[in-house]
Amino acid sequence: MTPEEFERIKEQEKAHLRQIRDLKRQASDAGRMGRLASALEQMSGALTGGDATRAEFVDRLSRDAAHTEARMEIALEGQADAERLAEQAAAQARFEREQQEARARATLDALRAEMGGAPASSASTPSAASEASSSAAKTLGRTLLPDDPGPASPDGPPAKTLGRSA
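Residues numbered from 1 in each chain as written. Predicted model: local features only at pLDDT ≥ 70, side-chain atom pairs only at ≥ 80, totals over all residues. Heavy atoms only, no water.

*Asks:* How would you explain the overall build of the protein if you had to name every residue and give the values?
*Replies:* Counting secondary structure elements, the protein contains two helices and zero strands. Here the protein has roughly 14,900 Å² of accessible surface; of this, 59% comes from carbon and sulfur atoms. (Helix = DSSP H or I, 4+ residues; strand = E, 2+ residues; numbered from the N terminus. Areas by Shrake-Rupley, 256 points an atom, 1.4 Å probe, with all protein chains shown as cover.)

Next comes the structure, spelled out in structure tokens:
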């Protein structure tokens, strides 16, 4: 082989290798383009499929919100009913207490009338109330009866007291 033939074969081989390299580059570019196109299709499919999924989630969320709102309204109605019943029960108890107090006053008036005292209704005037409060001493412990001789003598046991004695 002559050096010119060698150079010619060498140049052909270089051209052939350049063609192979260009074809490989085109093949990799085509593969990349195909993968990009596939990814774009998947993304667009996901977006349209996502629309259906998103719509499903929004529908489910709306149903849950409506269900929760209905439960809240029913609970509030039940609370209002319970409050109304509690008010009625309190009014009934107040009425019964007033009735019981009226019966007790009537009984006391009847007993005082039997014993010859003034009825409780006449003692409810301000002057009668001040006289009753000044005549009755408030005590803690034993009250002295009219026939009680008073506190114990210094020689006897001490009288009942609350606190220190003088």
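*Asks:* Residue-level account of a nonpolar patch on the surface, with values.
*Replies:* There is a patch of nonpolar side chains on the surface, built from Met1, Phe6 and Ile9 and spanning about 350 Å² of accessible area. In this fold, Ile9 is placed in helix α1 (residues 3-115). (Patch = residues over 30% accessible without salt bridge, like charges linked within 9 Å, V, L, I, M, F, W, Y side chains within 5 Å. Salt bridge = Lys/Arg side-chain N within 4 Å of Asp/Glu carboxyl O.)

*Asks:* So what's going on with the pattern of salt bridges? Residues and values would help.
*Replies:* Taken as a whole and assessed by the stated rule, the structure comprises five salt bridges. Salt-bridge contacts for Asp22 lead to Arg25; the nearest nitrogen and oxygen are separated by 3.6 Å. You can see Asp22 and its partner Arg25 sitting in helix α1, three residues apart, about one turn around the helix. Residue classification places Arg25 among the partly exposed residues on the basis of a relative accessible area of 44%. (Buried < 20%, exposed > 50% of the residue type's maximum accessible area, 1.4 Å probe, protein only.)

*Asks:* Describe the confidence of the model for the protein, and please don't skip the residues or the numbers.
*Replies:* Residue-level pLDDT values for the protein average 80, and 68% of them are 70 or greater. In the model, residues 125-135 has pLDDT below 50 throughout and makes three contacts with residues more than four positions away in sequence or in other chains. (pLDDT = per-residue confidence, 0-100. Contact = heavy atoms within 4.5 Å.)

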